[in-house]
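The residues making up each chain are set out below.
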Amino acid sequence: MTADVNKQTLGFQTEARQLLHLMIHSLYSNKEIFLRELISNASDAIDKLRFLALSDESLLEGQADFEIRVDLDKEGKTLTITDNGVGMNRDEVVENLGTIARSGTAAFLENLTGDQKKDSQLIGQFGVGFYSAFIVADRVEVRTRKAGEPAANGVLWESHGESEFSIAPLEREQRGTSITLYLKSDCLDFADDWRVRSVIKKYSDHISVPVKMLEPAKSDAEEGEEPAQQEYKAVNEATALWTRPRNEISDDEYKAFYRHVSHDFEDPLTWSHNKVEGKQEYTSLLYIPRRAPFDLWQRDMTRGLKLYVQRTFIMDDAEQFLPLYLRFVKGVVDSSDLPLNVSREILQQDSQVEAMRSALTKRVLDMLGKLASKQPEDYATFWKEFGQVLKEGPAEDFGNREKIAGLLRFSTTHTDKPEQDQSLADYVGRMQEGQDKIYYVVAENFNTARKSPHLEVFRKKGIEVLLLSDRVDDWLMNQLQEFDGKSFQDVARGTLELDDEAKEAQEQLKKDSEALVERLGKVLEAQVAEVRPTVRLTDSPACLVVGEYDMGAQMRRLLEAAGQQVPDSKLILEINPAHPLLQMLDAEQDEARFADLAHIIFDQASLAEGGQLEDPAAYVERLNSLLLELSRRD
Ligand code: ADP
């Protein structure tokens with residue numbers, strides 16, 4: 001009853017409770033990850049202290065040898081992980097290990113798939129690593145003291161991983177954190193020396209802090225003599241991976257390091273490791289993930305590289321080293337030139353950082369280019385996951401526009417499949433003689449694009465057209481302007497000038513259909529900007545075209561969705577005078593019937609593009625009266 005007077009019992013926040021429940025009952029197929037998570041936390045705590053000590057050396061309390069220790073007690077059935085990092089005070093313990101107001105936890109729960117293996121892989125990604133302790137333990141004790149505070153400020157946290165935890169003061173000489181897991185009866189292999197060593201090697205080789213375990217010292221002791229003194233020895237490699245020469249690092253080591261920096265469980269698609277020397281000196285190790293993170297489209301997504309200066313950890317998520325459209329890249333940059341006390345504010349204005357950013361951007365684009373040519377299947381995965389983000393590139397990064405354009409992938413009439421797997425270079429390679437433009441059509445979805453009446457003449461002449469239906473495509477095409485010296489042309493915009501032959505045919509058509517065009521123009525005056533005949537249609541009676549300088553329908557929707565006022569602009573109705581419907585219209589003497597038919601043709605052109613009718617009821621009424629008339633004729 002002595003120490004317990006100050007002990008306080010608190011309830012876990014609901015979400016934490018749900019999570020714990022999940023850990024305990026279902027995330028069972030990959031138990032060993034708890035060790036990776038806890039060692040990773042210990043190494044982060046050491047990195048943090050190292051960084052803080054740069055400006056306040058007293059925090060080190062005279063001890064600057066950093067290490068993580070893993071102790072096993074087979075009889076007591078425990079595993080203990082101890083670090084001499086930054087530690088936590090009482091409030092931090094409650095905040096970090098109890099009440100969890102972390103957005104990650106809720107997001108984690110929302111993203112659960114029900115598939116145990118996949119769900120356990122999510123744990124790290126959502127930053128709920130500490131709780132993985134309860135996969136193997138039915139009781140966890142955390143002893144910790146914050147660096148720089150008196151021994152009396154130690155804290156003991158305890159929980160059975162159910163609904164509550166307790167917290168009590170503790171006298172603790174040693175700074176840092178010690179986590180003891182009381183292993184469940186079916187997890188006792190984690191008290192086994194060999195087993196634990198192999199897990200540490202597997203996950204923590206690349207961590208720059210030594211992870212040590214007790215090892216009997218070498219001795220020549222004879223039988224009957226005192227057993228040799230045991231000492232702690234490093235189990236892992238413990239050199240910062242990126243500082244080692246490339247040819248000495250195995251793919252497995254690169255992959256393990258990726259998991260450490262990204263918290264992703266899957267292997268990366270590719271990586272690039274470079275040491276730059278000369279005017280600026282830095283090392284970078286950049287990875288392309290295989291899968292988009294859950295928050296890729298959230299404004300507050302954490303992004304950026306881990307920044308080190310001369311091997312000292314400075315900050316996570318240093319976002320100044322890459323543009324926003326490459327926010328999916330993970331990795332490390334270690335500079336020899338930046339000052340150790342560099343802050344986010346300084347990074348924002350620093351000209352060295354600017355130069356590094358531009359070099360790193362090029363490096364990522366080159367890495368993607370290489371992936372596309374050497375591992376097309378992996379590139380297809382990349383495109384599916386991150387293509388939409390890359391499409392932001394041409395607007396954000398004018399200088400690299402052409403390079404980014406080369407990395408884009410599209411559906412086209414060449415394959416007529418929804419898969420976006422054709423590059424602009426592929427398209428240009430197939431261009432017809434005399435063709436000087438890259439044609440594209442934009443629609444709400446792939447099928448509408450593929451069936452657009454605007455494509456008729458292109459299909460007839462065998463000219464390829466890009467089929468675009470992503471939300472940002474219209475906008476993207478406006479940014480791109482040209483590729484390989486060829487400009488882009490929306491097939492539903494402006495007049496169509498395919499070749500001389502078509503131009504002549506167009507002139508002839510104009511003369512022949514003057515009267516019809518004029519009649520139609522009068523009837524549809526309120527709806528369209530202009531009526532004109534076209535050679536672009538072969539099967540359809542009419543289509544709608546955007547004026548050369550007017551805004552496209554998709555762009556309009558995009559802006560309206562963003563809450564912007566968009567000025568109204570009318571479309572142009574292009575007609576196919578050779579079509580039987582138009583010929584019937586031309587012959588129609590009854591003005592009222594002519595008007596009804598004209599409206600129907602206009603409305604149908606709009607429907608064919610996936611557009612919405614302004615007055616659908618009127619359309620139905622007109623069509624019905626026509627149908628009735630037909631039935632009366634019989
Ligand atoms: P994450 O590490 O992704 O933030 P965790 O649940 O693993 O999530 O840890 C929660 C927080 O608890 C950490 O962010 C850190 O502030 C604190 N923490 C965990 N382990 C340690 C440790 N060994 N030393 C100091 N702080 C720790």
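Note that the structure is predicted; figures quoted are calculated from it, not measured.

Examining the environment of Glu-231
Then comes step 1: Looking at the secondary structure, you find Glu-231 in strand 9 (residues 230-234).
Then comes step 2: Judged by its relative accessible area of 38%, Glu-231 is partly exposed.
Then comes step 3: The spacing of Glu-231 and Glu-215 is 16 residues in sequence and 5.5 Å in space, taken between C-alpha atoms.

Re the pairing of strand 11 (residues 282-288)
Then comes step 1: Burial within strand 11 is extensive, with 7 of its 7 residues counted as buried.
Then comes step 2: With 7 bridges connecting them, strand 10 (residues 270-276) and strand 11 associate as antiparallel partners. The residue bridging Val-276 from the neighbouring strand is Tyr-282, located in strand 11.
Then comes step 3: Relative to strand 14 (residues 330-335), strand 11 runs antiparallel, the two being bridged by 6 bridges. Across the sheet, residue Leu-285 finds its bridge partner in strand 14, namely Val-332.

A closer look at the side chain of Ser-178
Then comes step 1: Relative to the helices and strands, Ser-178 is located in strand 7 (residues 176-183).
Then comes step 2: Here Thr-82 takes part through its side chain, which lies 3.1 Å from a polar atom of the side chain of Ser-178.
Then comes step 3: What Ser-178 contacts, discounting residues up to four positions off in sequence, is Thr-80, Ile-81, Thr-82, Glu-141, Val-142, Arg-143 and Arg-172.

Side note on the sheet that holds strand 17 (residues 465-468)
Hydrogen bonds between backbone atoms are what pair the strands of a sheet, whose relative direction is either parallel or antiparallel.
Then comes step 1: The 5 strands are arranged 15-17-16-19-18 in an open sheet whose pairing can be described as mixed. Here the strands that pair on one side only, and so sit at the sheet edges, are strand 15 (411-412) and strand 18 (482-483).
Then comes step 2: With 2 bridges connecting them, strand 15 and strand 17 associate as antiparallel partners. Across the sheet, the residue bridging to Thr-412 is Leu-466, located in strand 17.
Then comes step 3: Contacts from helix 17 (residues 473-480) reach strand 16 (437-442), strand 17, strand 18 and strand 19 (486-490) within the one sheet, and its direction differs from that of strand 17 by about 135 degrees.

Regarding the pattern of salt bridges
Then comes step 1: Inspection of the entire model under this criterion finds 40 salt bridges.
Then comes step 2: Notably, a salt bridge pairs Lys-7 with Glu-158, separated by 3.8 Å at the nearest N-O pair. Here Lys-7 is found in the segment before strand 1 (8-11), whereas its partner Glu-158 is found in strand 5 (residues 154-159), with 151 residues between them in sequence.
Then comes step 3: What makes Lys-7 partly exposed here is its relative accessible area of 34%.
Then comes step 4: Across the pair Asp-378 and Arg-290 runs a salt bridge whose closest N-O atoms are separated by 4.0 Å. With Asp-378 in helix 11 (residues 376-390) and Arg-290 in the loop between strand 11 and strand 12 (305-309), this pair connects stretches of sequence that are 88 residues apart.
Then comes step 5: Assessed through its relative accessible area of 18%, Asp-378 is described here as buried.
Then comes step 6: Since its relative accessible area comes to 25%, Arg-290 is described here as partly exposed.
Then comes step 7: Connected through salt bridges with shared partners, the residues Lys-7, Arg-139, Glu-141, Arg-143 and Glu-158 form a single ionic network.

Points about the sheet that holds strand 20 (residues 528-533)
Then comes step 1: Read across the sheet, 3 strands follow the order 20-22-21 without closing on themselves; strand pairing throughout is mixed. This sheet does not close on itself; its edge strands, each paired only once, are strand 20 and strand 21 (542-545). Sheet twist, expressed as the mean angle between neighbouring strand axes with direction ignored, is 25 degrees.
Then comes step 2: Here strand 20 pairs with strand 22 (residues 571-575) via 5 bridges, running parallel. Bridge pairing in strand 22 places Glu-530 opposite Ile-572.
Then comes step 3: The sheet strands contacting helix 22 (residues 591-608) are strand 20, strand 21 and strand 22, and the helix crosses strand 21 at an angle near 65 degrees.

With respect to the packing of helix 19 (residues 514-523) against helix 21 (residues 580-587)
Then comes step 1: Two elements in contact, helix 19 and helix 21, have axes separated by 10 Å at closest approach and are oriented at 80 degrees. Taken together, the axes of helix 19 and helix 21 are roughly perpendicular relative to one another. Only Leu-582, Leu-585 and Asp-586 of helix 21 make contact with helix 19, whose side of the interface consists of Leu-516, Arg-519 and Leu-520.
Then comes step 2: Looking at the contact of helix 19 with helix 21 residue by residue, the class counts come to 4 nonpolar, no polar and 2 charged.

With respect to helix 19
A turn of α-helix holds 3.6 residues, and therefore any two residues three or four places apart point the same way.
Then comes step 1: Within helix 19, burial applies to Leu-516, Val-517 and Leu-520. Down the axis of helix 19, the smallest arc covering the buried residues is 100 degrees, so these residues share one side. Exposed residues pointing more than 90 degrees away from the buried face of helix 19 are listed as Glu-514, Ala-515, Glu-518 and Lys-522.
Then comes step 2: Looking at the packing, one finds that the buried side of helix 19 touches strand 20, strand 22, helix 21 and helix 22.

What counts, and at which threshold
Residues numbered from 1 in each chain as written. Predicted model: local features only at pLDDT ≥ 70, side-chain atom pairs only at ≥ 80, totals over all residues. Heavy atoms only, no water. Helix = DSSP H or I, 4+ residues; strand = E, 2+ residues; numbered from the N terminus. Buried < 20%, exposed > 50% of the residue type's maximum accessible area, 1.4 Å probe, protein only. Pairing = 2+ DSSP bridges. Polar contact = N/O pair within 3.5 Å; in protein donor to acceptor, adjacent residues only side chain to side chain. Contact = heavy atoms within 4.5 Å. Axes fitted to C-alpha atoms, helices over the stretch in contact; angles between N-to-C directions. Salt bridge = Lys/Arg side-chain N within 4 Å of Asp/Glu carboxyl O. Parallel < 35°, antiparallel > 145°, perpendicular 65-115°, else oblique. Nonpolar A, V, L, I, M, F, W, Y, C, P; charged D, E, K, R; others polar. Arc of directions from axis to C-beta.

Treat this as a map of the structure, not an account of what it does.
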